[in-house]
Amino acid sequence: MSVQEFRNPSGGLVDRSRALSFTFDGRRLEGYGGDTLASALLANGVRLVGRSFKYHRPRGVMALGDAEPSALVELRTGGRREPNTKATTAELYEGLEAVSQNRWPSLAFDVMAVNQLFSPFLVAGFYYKTFMWPSSFWEPVYERLIRRAAGLGRVAAENDPDHYEKLHAHADLLVIGGGPAGLMAALTAGRAGARVVLVESDARCGGQLIHERLDIDGAPAAKWVEGAVAELTSLANVRLLTRSTVLARYDGGTFAVVERVGDHTIAPEHHLPRQRLWRFYTRDAILAAGATERGIVFAGNDRPGVMTASAARGFANRYGVRAGSRAVVFGNNDDIARTADDLAAAGIEIAAVVDPRPGAPGIEGAGRHLRGHVIQRVMGGRAVAGVAVQRTDDNLPAEEIACDLVAVAGGWSANFQIATHLGAKASFDPDKFSFHVLEPGRGLNVVGAAAGRWGTAECLAHGAEAGQRAAAGLGRQVAAPTLPRVEDRTVGNFVPLYRVKAGKGGPKGKAFVDFQNDVTDKDIELAVREGYDNAEHAKRYTTLGMATDQGKTGHVNGAAIMAEALGLSPRDVGTSVARAPYVPVSLGTIGGHSVGKQFQPTRLTAMHAWHERNGAVFMEAGQWYRPSYYAPDGEKDWLKQAIRETKAVREGVGIADVSTLGKIDIQGPDAAEFLNRLYINNWLKLPVGRARYGVMLREDGFVMDDGTTSRLGEDRFLMTTTTAAAGQVMTHIEFCHQAYWPDLDVQYISVTEQWAQIAIAGPKSRAVLEAGLKGADLSNAALPFMGVVDVRLSNGIPGRLFRISFSGELAYEIAVPADYGQAAWEHFMKVGAPHAITPYGLEALNILRIEKGHVTHSEIDGRTSAADLGFDKMTNRGKDFIGRMASERPAFLETTRPVLVGLKAINPQDRLYSGAHFLPIGAEHKVVNDQGWMSSVAFSPALGCWIGLGFVKRGRERIGERLVAAEFLRGSEVQVEIVETPFVDPKGERLHG
């Protein structure tokens, strides 16, 4: 077991009676209860924690909390493996396993550090420039290199054994942040009786109060925090959520909050989730998220051992940990005095205080106070070994000072990001050299350090005022609270030094602005020179602020350097928009219980029990379970059974459960006009009692869905959709009516679950229906193809009969109220027994539809147009419809577009695979030779070989041509012939029989 050589014998808020063992890169170490992984590593003298993304430079702990950009580690193993976790937010627990990432073969010796030698070629935008030429390199070289280099850490290869929850809650007031301003706001509103929720990301409330040596009411600030938390906990109308972070702000006072319920344990208790996603609906909210201290940009400012001054103080004051033995303090404001004092009190030797302000007030006990000096560069390899210090008013050679810790105070940046999620703009305050949101919008008030109030007394007063105002807005009057007495400390005598430029001979080494993405000051200057003079454009060109920390420590410095290059003020440049989520969130938290079988509710048709009793093997189709095939005799060969069922439909009669098709009842005087605008074909003149096949497009011109719609009355239609797209189509219909055509008098409702629907298909289907219906005339004259009529089964069940066919045979579909579904199914099985009626499932249905050339969502896959699918002749361009203009874009009219054709294996013994790509015979396996892809395949009993549907460039002009269908995953290469569809009964004689 290691000795915590950098842990002070006393002090801090850790529980020294509770020793915790953990491992880092296999090395066994020890910390205490209340530690973070970062504080425990520093206590054990571990400075090198990770490697940077692009250059693989050594990196250590730089900040506190979720602002940490560099110390990213991988936690846990197996299904619980969690990459890219900030060591500063990971609470220490017994048995914690942490591994460094983005290095090989080890953290100390990383081969990829050779990237630093190529840094002149890896500047901002290098990927845009490098991977453009020669174009032939893209597939064999560039794409593979990019895929291998992309990302940090490793995702878990096993299923996550933990579960996650989602909860909804209401509150009068949501307070975001449990520092001095947030605590005071919650206390004030809570005492007034308001329903308050206080959200704090740390395991303890207090914010900066628990990281500083500060007295409140004559006692340590931590004591005041304990009292405030105890009072809030005692109030029944207040909910206190620690280990919780607000992720996003949405319309209507809605906030997303992630609660880390079990992340501070090796595994959560079996009845608890690992994390919980809250959705809070609030009347009012107060943003008291505090501020993040930033560094100063100078050469080597990313070396392990360089950290913000507040972080160095925080590790000493909260955790009793010395972040080094000999420190140099460097800063542009009076915080350096506090830092030097706190570090010295913790037993750290102060080698020097480097102060760029020539007339700065003296600092007692600071050793050497070098006024009018800056750090030119940091010396050392895998850790800080010293700094080179230079005067600001001459070009004399720099003085080297040995140290192993550099504490940098570059000023504070307000944590306003949550306020911008609804479009609020950040304004620059030149006096504080920070961005602030002045108008956060209705329902949100920004207070404390998040509003640029740096003083503790100021934060307490501002929070109390906001809490009082929120309570008054709820009709609850409360007197102004008595504020505690506090020894106030502010960021005084600030000078806007944000980087150290080259002096005589120039500083050696890179100077970083965004540490996680390796963005240097030179990258930003280069972006400006190349025309990226907008904050959003520069962000994307340099990746400044695009990492998991969203540039919390670097966005102000980045804006200042950009402004300097443009000859402007940071006010003119602005800062890029912060995106939700505010901190990284796991996919498990977003999914909640919606995983595996709970991803969507399982839906069963009315006939499901019958299918189970009669040997159905089920498959998932959208949210439904549908019979894939039937094996009543125990036969497990799905293809053999599918062929049996297919032959039954082609030669006799088959029965299938098609209840899962989406069904939407559309009514109103404008129902026909509504359909006419949704579909590409005409619907105004469809007679009552007839059905029509329709195709609808998305707004971008691609096909969304197809299906039949029947006219049941002058003002009433019944639309059917594919099973998987039913919800999407219903959403599309609602949007079009509400957003595009609210003047149309039309109503619609999904009736999918209200009707059970049965398909009866085959040459003997009419005979079965005549035996099963009461007095129905099923002749071609009375019920032609695409006819619809109300009927009654001979056992009295009411129904609606459609003469439509997906199989290409004489076929019908009969719909009955869902409660009668199984009874109707059993009735037709009984009356069809003399005709050897056979149930068939989706596998047989797939064979039947491919033989007839009918499309499903294997072909309507979001990439195909109506013309690609052969529906150009049914498209009525004399009217307007959704997607019409987009479908006429030049790309849709290209004659070389892949279009739908039939494919047939030349050798009847060869098997085809969907997903195969078509290549000319003898051509190399390159993208440039790609002729299209196979969308659906089936073995055709009628033809005795494998057939398929696919998309081939100029395919309809190439009937009879042969290609190779190459399926690279299976190593299959099969010669196929392009053929016309349908494969079976091309004249449709059976359909109209």
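Scoring rules and cut-offs
Residues numbered from 1 in each chain as written. Predicted model: local features only at pLDDT ≥ 70, side-chain atom pairs only at ≥ 80, totals over all residues. Heavy atoms only, no water. Phe/Tyr/Trp six-rings, centres within 6.5 Å; stacked < 30°, edge-to-face > 60°. Lys NZ or Arg CZ within 6 Å of the ring centre and 35° of its normal. Axes fitted to C-alpha atoms, helices over the stretch in contact; angles between N-to-C directions. Helix = DSSP H or I, 4+ residues; strand = E, 2+ residues; numbered from the N terminus. Parallel < 35°, antiparallel > 145°, perpendicular 65-115°, else oblique. Left-handed = near helix turned anticlockwise from the far one by under 90°. Contact = heavy atoms within 4.5 Å. Nonpolar A, V, L, I, M, F, W, Y, C, P; charged D, E, K, R; others polar. Pairing = 2+ DSSP bridges. Buried < 20%, exposed > 50% of the residue type's maximum accessible area, 1.4 Å probe, protein only. Disulfide = S-S within 2.5 Å. Polar contact = N/O pair within 3.5 Å; in protein donor to acceptor, adjacent residues only side chain to side chain. Expected span 1.5 Å × (residues − 1). Core = buried A, V, L, I, M, F, W, Y, C linked by side-chain atoms within 4.5 Å. Salt bridge = Lys/Arg side-chain N within 4 Å of Asp/Glu carboxyl O.

### Things to note about the packing of aromatic side chains
Under the defined criterion, the tally for this structure stands at 22 aromatic pairs. An aromatic cluster is built from Phe428, Phe433, Phe435, Phe494 and Tyr498, whose rings are joined through pairwise contacts. Here the basic side chain of Arg47 rests over the ring of Phe6, its NZ or CZ set 4.4 Å away from the ring centre. Sitting over the ring of Trp933, Arg863 keeps its end group 4.4 Å from the ring centre.

### Side note on the packing of helix H6 (residues 309–319) against helix H7 (residues 335–345)
Packing of H6 against H7 brings their axes to within 9 Å, and their N-to-C directions diverge by 30°. The pairing of H6 with H7 is recorded here as roughly parallel in orientation. Like other packed secondary-structure pairs, H6 and H7 cross with a definite hand, here left-handed. Contacts from Ala309, Ala312, Arg313 and Asn317 in H6 reach Asp335, Arg338, Thr339, Asp342 and Leu343 in H7. Counted by class, the contact of H6 with H7 contains three nonpolar, two polar and four charged residues.

### Quick notes on the packing of helix H9 (residues 521–529) against helix H11 (residues 555–566)
It is the contact of H9 with H11, at a shortest axis distance of 9 Å, that shows an interaxial angle of 45°. As the angle between them shows, H9 and H11 are arranged oblique. As H9 packs across H11, the resulting crossing turns out to be right-handed. Between H9 and H11, the residues in contact are Asp521, Ile524, Glu525 and Val528 and Gly558, Ile561, Met562, Ala565 and Leu566, respectively. For the contact of H9 with H11, the class distribution of residues is six nonpolar, one polar and two charged.

### Focus on the sheet that holds strand E34 (residues 662–667)
Pairing is antiparallel across the open sheet formed by five strands, whose spatial order is E35-E36-E37-E34-E38. At either margin of the open sheet sits one strand with a lone partner, and together these are strand E35 (691–697) and strand E38 (747–750). Each adjacent strand pair in this sheet contributes to an overall mean axis angle of 25°, direction not counted. Of the pairings in the sheet, the one linking E35 to strand E36 (residues 703–713) comprises seven bridges and is antiparallel in character. Along E36, the bridge assignment pairs Gly694 with Gly707. Here helix H17 (residues 726–740) sits on the sheet and contacts E34, E35, E36, strand E37 (716–721) and E38; the angle it forms with E38, its principal contact strand, is near 160°.

### Examining H7
Taken together, the buried positions of H7 are Asp335, Ile336, Arg338, Thr339, Ala340, Asp342 and Leu343. Those residues of H7 that are buried lie in contact with strand E16 (291–293), H6, strand E18 (326–331), strand E19 (349–355), strand E24 (405–409) and strand E25 (412–414). Where H7 terminates, the next one or two residues include Gly347, which has phi positive at roughly 95°.

### Things to note about the state of the cysteines
Here the structure, examined in full by the defined rule, presents zero disulfides. Unpaired in this structure, Cys459 has its nearest cysteine sulfur neighbour in Cys205, at a distance of 15 Å.

### Re the side chain of Arg318
When you line up the elements, Arg318 lands in helix H6. Looking at Arg318, its side chain comes within polar contact range of the side chain of His211, at 3.3 Å. Apart from residues lying up to four places away in sequence, Arg318 is in contact with Gly12, Leu13, Val14, Asp202, Arg204, Ile210 and His211.

### Considerations on helix H19 (residues 821–832)
Between the first and last C-alpha of H19 there are 16 Å, a value that for 12 residues agrees with the 16 Å anticipated at 1.5 Å per step. Within the sequence span of H19, burial applies to Gly821, Ala824, Trp825, His827, Phe828, Met829, Val831 and Gly832.

### As for the nonpolar core
By size, the foremost hydrophobic cluster in this structure holds 88 residues, and its most contacted members are Val196, Trp224 and Phe255. If sequence neighbours within four positions are ignored, Trp224 has contacts with Leu183, Met184, Leu209, Ile216, Asp217, Leu460 and Pro484. Of all hydrophobic cores here, the second largest spans 47 residues; its members include Leu37, Val61, Leu343 and Ala409.

### Considering the pairing of strand E32 (residues 624–630)
Across the seven residues of E32, seven count as buried, placing the element largely inside the fold. Here six bridges tie strand E31 (residues 616–621) to E32, and the two strands are oriented antiparallel to one another. Within E32, the residue paired with Ala621 across the bridge is Trp624. Between E31 and E32, which follow one another and run antiparallel, lie two residues, and Gly622 among them has a positive phi close to 65°.

### Observations concerning the side chain of Glu536
Its place among the elements puts Glu536 in helix H10 (residues 535–542). Judged by its relative accessible area of 18%, Glu536 falls in the buried class. Among residues more than four places away in sequence, those in contact with Glu536 are Ser576, Val577 and Arg579.

### Overview of the pattern of salt bridges
Applying the stated criterion to the full structure yields 57 salt bridges. Between Asp202 and Arg318 there is a salt bridge, with its nearest N and O atoms 2.6 Å apart. One end of the pair, Asp202, is in the loop between strand E9 (196–199) and strand E10 (215–216); the other, Arg318, is in helix H6, with 116 residues separating them in the sequence. Look at Asp202 and you get partly exposed, because its relative accessible area is 22%. On the accessibility criterion, Arg318 (4% relative accessible area) is buried.

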